[in-house]
Amino acid sequence: MLLKLANLCYDYPNTKGLVDLNLSINAGEFICLMGPNGSGKSTLLRILSGLATPNRGQYWFHDQLITAAYLADAQHRQRLHQQIGMVFQNTDVQLFNTSVAEEVAFGPRQLGLSAAAVEQRVTDCLALTACTTLRDRVPYQLSGGEKKRVALASVLALNPDVLLLDEPLNGLTIAAQQQMLTLLQRLRAAGKTIIMASHNFQQVQAVGQRFIIFNSAHQIAADVSADDLHRQPERQAQLMTL
Amino acid sequence: MAPTQPNKLPNWLTEPEPPLESASKATFFQRNQRHLRQLLTKLAQPTPVIQPTRWPIAAHINLIRLLIMVLLIAIINNLALLWCLGLILAGQLLWLPPQQLRTFVKSWLISSLVALIIVLPSYWLTGPATLLFFGCKTSLILANAQYYRLTTTFNDLLVGLKTLRCPDILIMTLAIAITYLRMLGQYLLLTLEALDLRTVASTKHPYQLIGALFGNLYLKSYAYALELYAAMEARGFNGHYVRAPQRRSHWRDYLSLSPDLVALILLILWGN
């Protein structure tokens, strides 16, 4: 078991974030978090990445209970961040370096790799995300879709075991969406665990192995495999309208 | 340098990353996230801590009360009257919930200490009596301002200013400044979180990153300013606020001013 959530609740100051979540995720799964806006998809990703800690309930990662006290230790926190990478919904905030190449190299440089190895990772990640031509551009000046791809490249460069993606296909052209989904499928085939939040079922139905559907009460309404979902046309129709 | 395998995943990406041996202690950026979060919580200020449902006092009356109190404290040179004003404030503080009262006391003590340091030279110039007197007056003004901050939302402050017919430019500047501070603070916090997520070991030059972060923040604020201006213009804003129908003042609003007015009358009768 890679990840486990037990009776997990998260409250924002004036509203609920997540209510009583129970979930288990195995390594190598491709999971799509579906649900209406504000249903808790992004909040769950924040908790899984260690950016937020639950108010109640438990979160286990590799049989280690992740708590605020555990994350207060910088070594634990950094170890978790090495294993879990996240692409934010607003990738603007994720890019802070002066060039795309510097942005992608930021993570690997901390891993103690040689300059050549860092350079190799940068080149590979830019090629995988079709950003090679953007290499010397300033991230601030990129378009929304380009920023998404560069953000993914910068996360991939750290080679995390788990990839958390918050609406990664928004703002991408159809061709770029297809390219990114193909890359994600390849990563899953290589053993990475992918957890992707989306509210567009059409975009993700072909790639998701398992669909976790949130309702507007911030709870998990359904947790179905892709095979089961294909046998439930009414649920598919419901997801199409999200 | 060419990618290792153009159509396949590179080997390093298919193998698990070995754990880093030497992780660092809490980084400069992690520590600052906590401070920024606290600041944003203060700026967010979603609701006032006291919400009288049966007797809400108009926003402009609250503002007038604050202004009268500050004016009175500034001009009074009589210790007994100053004591009376302190009692009025203490009476108001009794209605605060315990947690908010603790917050009030903590921030009031800190701000008073800073103010005391500023007026400290008067000890050598005119003696301890003056220092004590000015210290008391300053801390009382700060306490009133702190109480107002705790019990009034930014929106109420703006409504109060509009009702008192303050210049539009002042209201607009204040409104945009508050919105901007919150928005840019939120942006910076998210950037620090993103940075934290990609920090897996000690950053060799953390202070160099500050330049990049604040450079980004500056560019973002500039872009936001242009977008905000365009959005306001597109919605017909011409630099003048349309006055919303004002809430009629109730006799209770005026009654709430009575302690301050009594203090003012006492000041006139007793003088200094």
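The structure displayed is predicted, hence computed values, not measured ones.

**Student:** It is not clear to me how the interface of chain A and chain B should be interpreted in this structure. Could you clarify?
**Tutor:** Frequently, the measure chosen for interface size is the accessible area removed from exposure when the parts meet. Each partner contributes to the interface: chain A provides 44 residues, whereas chain B provides 45 residues. Considering only the side of chain A, the residues that lose the most area to chain B are Gln78(A), Phe96(A) and Tyr140(A), jointly responsible for 17% of the buried surface there. Between the two partners, chain A and chain B, sit five salt bridges. The salt bridge partner of Arg77(A) is Asp196(B), with a shortest N-O separation of 2.5 Å. For the side of chain A that touches chain B, the leading source of residues is helix α5 (residues 115-128) of chain A, giving nine residues.

**Student:** Where do I start with the packing of helix α4 (residues 100-109) of chain A against helix α6 (residues 144-156) of chain A in this structure?
**Tutor:** For any two helices packed against each other, one specifies the inter-axial angle together with the distance between the axes. Residues and elements named next belong to chain A. The contact between α4 and α6 brings their axes to 7 Å, and the two run at 30°. On the basis of their axis angle, the class for α4 and α6 is roughly parallel. Note on packing geometry: the crossing formed by α4 with α6 is right-handed. In contact with Val100, Glu103 and Val104 of α4, α6 contributes Val150, Ala153 and Ser154. Split into classes, the residues belonging to the contact of α4 with α6 amount to four nonpolar, one polar and one charged.

**Student:** What is the right way to read the pairing of strand β1 (residues 3-11) of chain A from this model?
**Tutor:** Residues in a regular strand project their side chains so that they alternate between the two faces of the sheet. All names here are of chain A. Across six bridges, β1 lies against strand β2 (residues 16-25) in antiparallel orientation. Within β2, the residue paired with aspartate 11 across the bridge is lysine 16. Between β1 and β2, which follow one another and run antiparallel, lie four residues. Alignment of β1 against strand β4 (residues 56-61), held across five bridges, turns out to be antiparallel. Each bridged residue has a counterpart across the sheet, and for leucine 5 the counterpart in β4 is tyrosine 59.

**Student:** I tried to follow the pairing of β4(A) on my own but got confused; where do I start?
**Tutor:** Residues and elements named next belong to chain A. Bridge count between β4 and strand β5 (residues 64-65): two bridges; the pairing is antiparallel. Across the sheet, residue phenylalanine 61 finds its bridge partner in β5, namely glutamine 64. If you look at the hairpin formed by β4 and β5, you'll find two residues sitting between the two strands, and histidine 62 has a positive phi there, around 50°.

**Student:** Explain the confidence of the model for chain B to me, please; I cannot follow it from the model alone.
**Tutor:** In low-pLDDT regions, the fine details of the predicted coordinates are not to be read closely. All names here are of chain B. For chain B, per-residue confidence averages 79 on the pLDDT scale, and 83% of positions sit at 70 or higher. Of all the helices and strands in chain B, helix α2 (residues 28-44) carries the lowest mean pLDDT, 70, while helix α1 (residues 11-14) carries the highest, 88. Both scores are available for the predicted complex, with the pTM at 0.78 and the ipTM at 0.86.

**Student:** Before we go on, may I ask you to explain the pattern of salt bridges in this structure?
**Tutor:** Pairs can form between side chains of opposite charge once their charged atoms are near each other. Residue and element names in this part refer to chain A. Enumeration according to the criterion identifies 13 salt bridges over all chains in this entry. Between arginine 56 and aspartate 11 there is a salt bridge, and its shortest N-O distance comes to 3.3 Å. Taken together, the positions of arginine 56 in strand β4 and aspartate 11 in strand β1 put the pair 45 residues apart, joining distant regions of the chain. Classification of arginine 56 by relative accessible area gives partly exposed; the value is 41%. Overall, the relative accessible area of 23% leaves aspartate 11 in the partly exposed class. For aspartate 92, the salt bridge is made with lysine 147, and the minimal N-O distance between the two is 2.5 Å. Remark: lysine 147 occurs in helix α6 and aspartate 92 occurs in the loop between β6 (84-87) and α4; sequence separation between them is 55 residues. Side by side, aspartate 92 and lysine 147 carry an identical accessibility label, which is buried. Each of Asp11, Lys16 and Arg56 takes part in a single network of salt bridges with overlapping partners.

**Student:** Would you mind going over the packing of helix α8 (residues 154-163) of chain B against helix α9 (residues 168-197) of chain B with me for this structure?
**Tutor:** Residues and elements named next belong to chain B. Between α8 and α9, whose axes approach to 10 Å, the crossing angle comes to 170°. In terms of their interaxial angle, α8 and α9 are classed as roughly antiparallel. Residues Phe154, Leu157, Leu158, Leu161 and Lys162 of α8 form the contact with α9, whose participating residues are Ile171, Leu174, Ala175, Ile178 and Arg182.

**Student:** Which parts of the structure should I look at to understand the packing of aromatic side chains?
**Tutor:** Two aromatic rings, taken as a pair, are described by how far apart their centres are and by the angle between their planes. This structure, assessed with the given rule, holds six aromatic pairs over all chains. With a centroid separation of 5.3 Å and an interplanar angle of 90°, the aromatic rings of Phe96(A) and Phe106(A) are classed as edge-to-face. One end of the pair, Phe96(A), is in the loop between β6 and α4; the other, Phe106(A), is in helix α4, with ten residues separating them in the sequence. Each of the two residues, Phe96(A) as well as Phe106(A), counts as buried. Between Phe104(B) and Trp108(B), the ring centres sit 6.1 Å apart and the planes meet at 20°, which makes this aromatic pair stacked. Of this pair, Phe104(B) and Trp108(B) are both found in helix α5 (residues 98-119), four residues apart, which corresponds to roughly one turn of the helix. Positioned over the ring face of Tyr140(A) is Lys147(A), at 5.8 Å from the centre of the ring.

Rules of the game
Residues numbered from 1 in each chain as written. Chains lettered and ligands numbered in written order. Predicted model: local features only at pLDDT ≥ 70, side-chain atom pairs only at ≥ 80, totals over all residues. Heavy atoms only, no water. Contact = heavy atoms within 4.5 Å. Buried area = accessible area lost by both parts, 1.4 Å probe. Salt bridge = Lys/Arg side-chain N within 4 Å of Asp/Glu carboxyl O. Helix = DSSP H or I, 4+ residues; strand = E, 2+ residues; numbered from the N terminus. Axes fitted to C-alpha atoms, helices over the stretch in contact; angles between N-to-C directions. Parallel < 35°, antiparallel > 145°, perpendicular 65-115°, else oblique. Left-handed = near helix turned anticlockwise from the far one by under 90°. Nonpolar A, V, L, I, M, F, W, Y, C, P; charged D, E, K, R; others polar. Pairing = 2+ DSSP bridges. pLDDT = per-residue confidence, 0-100. Buried < 20%, exposed > 50% of the residue type's maximum accessible area, 1.4 Å probe, protein only. Phe/Tyr/Trp six-rings, centres within 6.5 Å; stacked < 30°, edge-to-face > 60°. Lys NZ or Arg CZ within 6 Å of the ring centre and 35° of its normal.

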